Amino acid sequence: MTIPDPAPTKHELRSRMRQLLRARAPSAPGVFTELREWLSVRPELQTIAVYSPLPGEVDLSATIAALPEVRWVYPRVAGEHLSFHMGGDLVPGSFGILEPAENAGEIPVLEIDAFLCPGLAFDKRGGRLGRGRGFYDRVLANARPDSLNIGVCHDFQMVDDTFSEPHDVFMDKVFEYRT
Ligand SMILES: Nc1nc2c(c(=O)[nH]1)N(C=O)[C@@H](CNc1ccc(C(=O)N[C@@H](CCC(=O)O)C(=O)O)cc1)CN2
Ligand SMILES: Nc1ncnc2c1ncn2[C@@H]1O[C@H](COP(=O)(O)OP(=O)(O)OP(=O)(O)O)[C@@H](O)[C@H]1O
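Residues numbered from 1 in each chain as written. Chains lettered and ligands numbered in written order. Predicted model: local features only at pLDDT ≥ 70, side-chain atom pairs only at ≥ 80, totals over all residues. Heavy atoms only, no water.

## A few points about the site of ligand 2
The full set close to ligand 2 counts 14 residues, and Arg14, Arg128, Asp137, His167 and Asp168 are the nearest of them. Of all elements in the fold, only α1 (10-23) and α4 (135-141) reach the threshold of two or more residues within the shell around ligand 2. In terms of residue class, the shell around ligand 2 is made up of 2 nonpolar, 4 polar and 8 charged. (Near = heavy atom within 4 Å. Helix = DSSP H or I, 4+ residues; strand = E, 2+ residues; numbered from the N terminus. Nonpolar A, V, L, I, M, F, W, Y, C, P; charged D, E, K, R; others polar.)

## Some details on the UniProt feature "binding site: substrate" (unreviewed entry) in the chain
Summarizing the sequence annotation, UniProt attributes the feature "binding site: substrate" (unreviewed entry) to Glu57 in the numbering used throughout. Tracing the backbone through its elements, the reader meets Glu57 in the loop between β1 (47-49) and α3 (61-65). Residue Glu57 is classed as buried on the basis of its relative accessible area, which comes to 10%. When sequence neighbours within four positions are dropped, the list of residues in contact with Glu57 reads Leu21, Tyr51, Ser52, Pro118, Arg131 and His154. (UniProt positions renumbered as here; feature names shortened; annotations may be inferred. Buried < 20%, exposed > 50% of the residue type's maximum accessible area, 1.4 Å probe, protein only. Contact = heavy atoms within 4.5 Å.)

## Let's talk about the site of ligand 1
Neighbouring residues of ligand 1: 16 residues in total, closest Arg18, Arg22, Ser52, Glu57 and Arg131. In the environment of ligand 1, a nitrogen atom lies 2.6 Å from a nitrogen or oxygen atom belonging to the backbone of Ser52. A distance of 2.6 Å is found between an oxygen atom of ligand 1 and a side-chain nitrogen or oxygen belonging to Arg131. (Polar contact = N/O pair within 3.5 Å; in protein donor to acceptor, adjacent residues only side chain to side chain.)

## Details of the side chain of His154
As for its position among the elements, His154 is in strand β10 (residues 148-154). Among the residues examined, His154 registers a relative accessible area of 3% and is labelled buried.

## Let's talk about the sheet that holds strand β11 (residues 158-159)
Ordered by their spatial adjacency, 3 strands build an open sheet running β9-β8-β11, and the pairing between neighbours is mixed. Pairing within the sheet leaves two strands with one partner each, and these edge strands are β9 (128-129) and β11. Pairing of strand β8 (residues 121-123) with β9, which is carried by 2 bridges, proceeds in the antiparallel orientation. Each residue of the ladder has a partner; that of Ala121, found in β9, is Leu129. (Pairing = 2+ DSSP bridges.)

## Considerations on the sheet that holds strand β2 (residues 71-78)
The mixed open sheet is built from 7 strands, whose spatial order is β6-β3-β2-β1-β7-β10-β12. Single-partner strands in this sheet number two, and they are β6 (106-107) and β12 (173-177). On top of the sheet, helix α2 (residues 33-40) reaches β1, β2, β7 (114-117), β10 and β12; it is set at about 145° to β12, its chief contact. (Axes fitted to C-alpha atoms, helices over the stretch in contact; angles between N-to-C directions.)

## Focus on the nonpolar core
Counting 42 residues, the largest nonpolar core has Leu60, Trp72, Phe84, Phe115 and Leu116 as the members making the most contacts within it. Phe84 has contacts with Ala49, Val73, Tyr74, Pro75, Gly105, Glu106, Ile107, Val109, Ile112, Phe115 and Val139, leaving out every residue within four places of it along the chain. (Core = buried A, V, L, I, M, F, W, Y, C linked by side-chain atoms within 4.5 Å.)

## Let's talk about the side chain of Lys10
Along the chain, Lys10 falls in helix α1. By relative accessible area, which is 17% here, Lys10 ends up buried. Once residues within four sequence positions are removed from consideration, Lys10 is found in contact with Leu129, Phe163, Glu165 and Asp168.

Dropping the structure here:
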């Protein structure tokens, strides 16, 4: 008889979280007050990378609109890499994600003071489980050493263990949106 392993593997956690996110009814949350207040007392964070949500991810559009003094930049998938550009008009790009248009001004990664990172799951140590293509690990490995990595997730995405591997970049802080 085989005893079932109660601890999910990285692969199982990823597929469970993908399912949970996909199953969520679409909704655009209001301002994420905790995140807005934290950012509003850190004016040194001038250029901040944000994301356009995939189905189920925390939608930060109201929070972004509430902090107009920040220079918000959005990722574009370019092959294996992410480049960051001024928002302006966002158009459907890779994976159906809204991305800045090709001609939107590119902002060098070294100018980015903080990265608000999407993810499938996070843990209390700052571990992050992404969608498995390593985009954020690669970009954060090339970011300024003093830039901040900030995870953003729903409370149910906070788990005990995200099975971090040596190449995984840790978050400095994770904001949980209570649903
Ligand atoms: N909102 C958001 N933007 C992001 C990311 C992300 O995770 N979330 N990325 C982080 O790296 C990059 C895009 N990477 C991605 C990697 C894989 C898949 C993916 O597997 N998509 C599924 C469909 C979506 C789903 O899981 O339901 C697929 O193609 O089957 C999507 C985006 C850049 N922008
Ligand atoms: N700094 C890096 N340089 C080169 N390859 C990397 C780097 N970080 C991760 N990778 C590669 O990317 C692949 C996916 O890694 P992982 O499963 O940790 O992605 P993820 O963090 O879940 O995804 P994402 O960052 O896209 O949301 C792995 O095969 C890994 O070898």
